[in-house]
Amino acid sequence: MKAPLADRIRPQTIDDMVGQRHLLGEGKALRNIIESGELPNLIFYGPSGIGKTTLASIIALRTNRKFHKLNGTSASTADIKAIVAELDTLSAPNGILLYLDEIQYFNKKQQQTLLDYIERGEITLIASTTENPYFYIHGAILSRSTVFEFKSITPTDIIPAVERAFRFLADDRNVTIEAQSDVLSYIAHACGGDVRKAMNSAELCVLSTLPDDEGQVIITKEKANELTQKSAMKYDREGDEHYDILSAYQKSMRGSDPDAALHYLARLLEAGDMVSAIRRLLICASED
């Protein structure tokens, strides 16, 4: 069984990555830190599919430390203890680099377990989160780490990644793939800034299209429209984005700004949260 396309063509160098130029461009802080060879504890904050795990993998390739990867949704305290047991052994003579994905799912006790080893420098932590780290990560870990915010990838930056996906699939399947002119742009815009989702869409388009009489796989706009999963607008019913949108919606109505009110109402309805939209509308009506 093959790994997902996004994993098979994961960039191996910083220059191969798309987006995040505010962090990884020449002379930018995070790039300079990585290239210095002296790695502090890092926290990567931002939405899914924008390069957090990819960059952690690239950093792992550049370090002499023993590399471990855990996911906060499934890892336990026992997993941390198993990693710690390797300290001062021949398997980890230079210490351990731990990449902890979705750290927001680690409870306070699990995060505290890491503290002593992070403080002594025996474990270097790179953690990623899609939630505001200042709300979900233990303050002691935050004080010993540097937070970098990752941004959604623009469609312009995603187009080269989609092109690379089609080239890889053509070589992998030994076929000629031709994407119609507007296919790349459509996929890049529909994926909502998520490169992984764009890769998946490109692969689905190829897998579902039979070669023509000349052996070419022609990807049409209709096929891309049929298979590309449009990303829901950034929205989390239990997170910061939920309350930010509701607050902006209510303030727009109070400020008599109909265009802004309609914009935020549309985002709520697109996310399927009609109840919250109606509740705020009733609040404003009652106040008036």
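Caption draft 1: Representation of helix 5 (residues 77–84) in the model. What helix 5 keeps buried is the set Ile 80, Ile 83 and Val 84. Along the long axis of helix 5, the arc covered by the buried residues comes to 100°, so they all point the same way. Across helix 5 from its buried face, at more than 90 degrees, point the exposed residues Ala 78 and Lys 81.

Caption draft 2: Spotlight on a negative patch on the surface. A cluster of like negative charges, contributed by Glu 178, Asp 212, Asp 213 and Glu 214, occupies part of the molecular surface. The residue Asp 213 is located in the loop between helix 11 (195–207) and strand 7 (216–219) in this model.

Caption draft 3: How the structure looks around the packing of helix 5 against helix 6 (residues 108–119). Following both chains from N to C, one finds helix 5 and helix 6 inclined at 15°, their axes separated by 9 Å at the closest point. Classified by the interaxial angle, the pair formed by helix 5 and helix 6 is roughly parallel. In the packing of helix 5 onto helix 6, the handedness of the crossing is right-handed. Along its contact with helix 5, which presents Thr 77, Ile 80 and Val 84, the element helix 6 presents Gln 110, Thr 113, Leu 114 and Tyr 117. Of the residues in the contact of helix 5 with helix 6, the class split is four nonpolar, three polar and no charged.

Caption draft 4: The nonpolar core, seen in detail. Ranked by internal contacts, the top residues of the largest apolar core, which has 48 residues, are Leu 30, Phe 44, Leu 55, Ile 59, Ile 126 and Phe 166. It is helix 9 (residues 155–173) that provides the largest number of residues to this core, a total of seven residues. Among all residues touching Ile 59, those that are not within four sequence positions of it are Ile 34, Leu 39, Leu 42, Phe 44, Leu 97 and Ile 126. By size, the runner-up hydrophobic cluster in this structure holds 22 residues, among which are Leu 70, Ala 75, Ile 103 and Leu 125.

Caption draft 5: Structural context of unusual backbone geometry. In this structure, Gln 20 takes a positive phi of about 60° despite not being glycine. For Gln 20, the location among the structural elements is in the loop between helix 1 (5–8) and helix 2 (21–24). For Gln 20, a relative accessible area of 4% puts it in the buried group.

Caption draft 6: Representation of the pairing of strand 7. In strand 7, alternate side chains face the same way, and those of Val 217 and Ile 219 are buried while those of Gln 216 and Ile 218 on the opposite face are not. Bridge count between strand 6 (residues 176–179) and strand 7: four bridges; the pairing is parallel. Paired with Ala 179 across the bridge in strand 7 is Ile 219.

Caption draft 7: Quick peek at the state of the cysteines. Within the structure shown, the criterion is met by zero disulfides. Distance from the sulfur of Cys 205, which forms no disulfide, to the nearest cysteine sulfur (Cys 191) is 12 Å. The exposure class of Cys 205 is buried, given its relative accessible area of 0%.

Caption draft 8: Structural view of the sheet that holds strand 3 (residues 96–101). Strand order in this open sheet of five strands is 2-3-4-1-5, and the pairing throughout is parallel. Looking at strand neighbours, the two that pair on one side only are strand 2 (66–71) and strand 5 (145–149), the edges of this open sheet. Averaged over all pairs of adjacent strands, the angle between their axes in this sheet comes to 15°, without regard to strand direction. Summarising the sheet, strand 1 (residues 41–45) and strand 4 (residues 123–129) pair through four bridges and their orientation is parallel. Its bridge partner lying in strand 4, Ile 43 is registered against Ala 127.

Caption draft 9: Here's a closer look at the layout of surface pockets. The computed volume of the second largest pocket comes to approximately 380 Å³. If you go around the second largest pocket, you meet 25 residues; those closest to its centre are Arg 10, Gly 49, Ile 50, Gly 51 and Thr 54. Looking at the lining of the second largest pocket residue by residue, the class counts come to nine nonpolar, eight polar and eight charged.

Caption draft 10: Looking closely at the pairing of strand 3. Within strand 3, six of the six residues are buried, which leaves it mostly tucked inside the rest of the structure. Going residue by residue along strand 3, you find Ile 96, Leu 98 and Leu 100 tucked away on one face and Leu 97, Tyr 99 and Asp 101 tucked away on the opposite face as well. Here strand 2 runs beside strand 3; their pairing, made up of six bridges, is parallel. Residue Lys 66 lies in a different strand from strand 3, and its bridge partner there is Ile 96. Sheet topology places strand 3 next to strand 4; five bridges connect them, and they run parallel. What sits directly across from Leu 100, in strand 4, is Ala 127. In this region the chain leaves strand 3, passes through helix 6 and returns to the parallel neighbour strand 4; the handedness of that crossover is right-handed.

Caption draft 11: How the structure looks around the pattern of salt bridges. Counted by the stated rule, this structure contains nine salt bridges. Among the ionic pairs, Arg 31 bridges to Glu 26, the shortest N-O distance being 3.3 Å. Assessed through its relative accessible area of 65%, Glu 26 is described here as exposed. Among the ionic pairs, Glu 149 bridges to Lys 151, the shortest N-O distance being 3.8 Å.

Rules used in this analysis
Residues numbered from 1 in each chain as written. Predicted model: local features only at pLDDT ≥ 70, side-chain atom pairs only at ≥ 80, totals over all residues. Heavy atoms only, no water. Buried < 20%, exposed > 50% of the residue type's maximum accessible area, 1.4 Å probe, protein only. Helix = DSSP H or I, 4+ residues; strand = E, 2+ residues; numbered from the N terminus. Arc of directions from axis to C-beta. Patch = residues over 30% accessible without salt bridge, like charges linked within 9 Å, V, L, I, M, F, W, Y side chains within 5 Å. Areas by Shrake-Rupley, 256 points an atom, 1.4 Å probe, with all protein chains shown as cover. Salt bridge = Lys/Arg side-chain N within 4 Å of Asp/Glu carboxyl O. Lys, Arg positive; Asp, Glu negative; His and termini not counted. Charge placed at Lys NZ, Arg CZ, Asp CG, Glu CD. Axes fitted to C-alpha atoms, helices over the stretch in contact; angles between N-to-C directions. Parallel < 35°, antiparallel > 145°, perpendicular 65-115°, else oblique. Left-handed = near helix turned anticlockwise from the far one by under 90°. Contact = heavy atoms within 4.5 Å. Nonpolar A, V, L, I, M, F, W, Y, C, P; charged D, E, K, R; others polar. Core = buried A, V, L, I, M, F, W, Y, C linked by side-chain atoms within 4.5 Å. Pairing = 2+ DSSP bridges. Disulfide = S-S within 2.5 Å. 1 Å grid on protein atoms, 1.4 Å probe; cavity = no way out; pocket = protein on both sides within 12 Å on 5 of 7 lines; lining within 4 Å. Points joined across faces, edges and corners; volume = space filled by probe spheres on them. Right-handed = clockwise from strand over helix to strand, strands pointing away.

Read these as layout, nothing more, since geometry by itself doesn't imply function.
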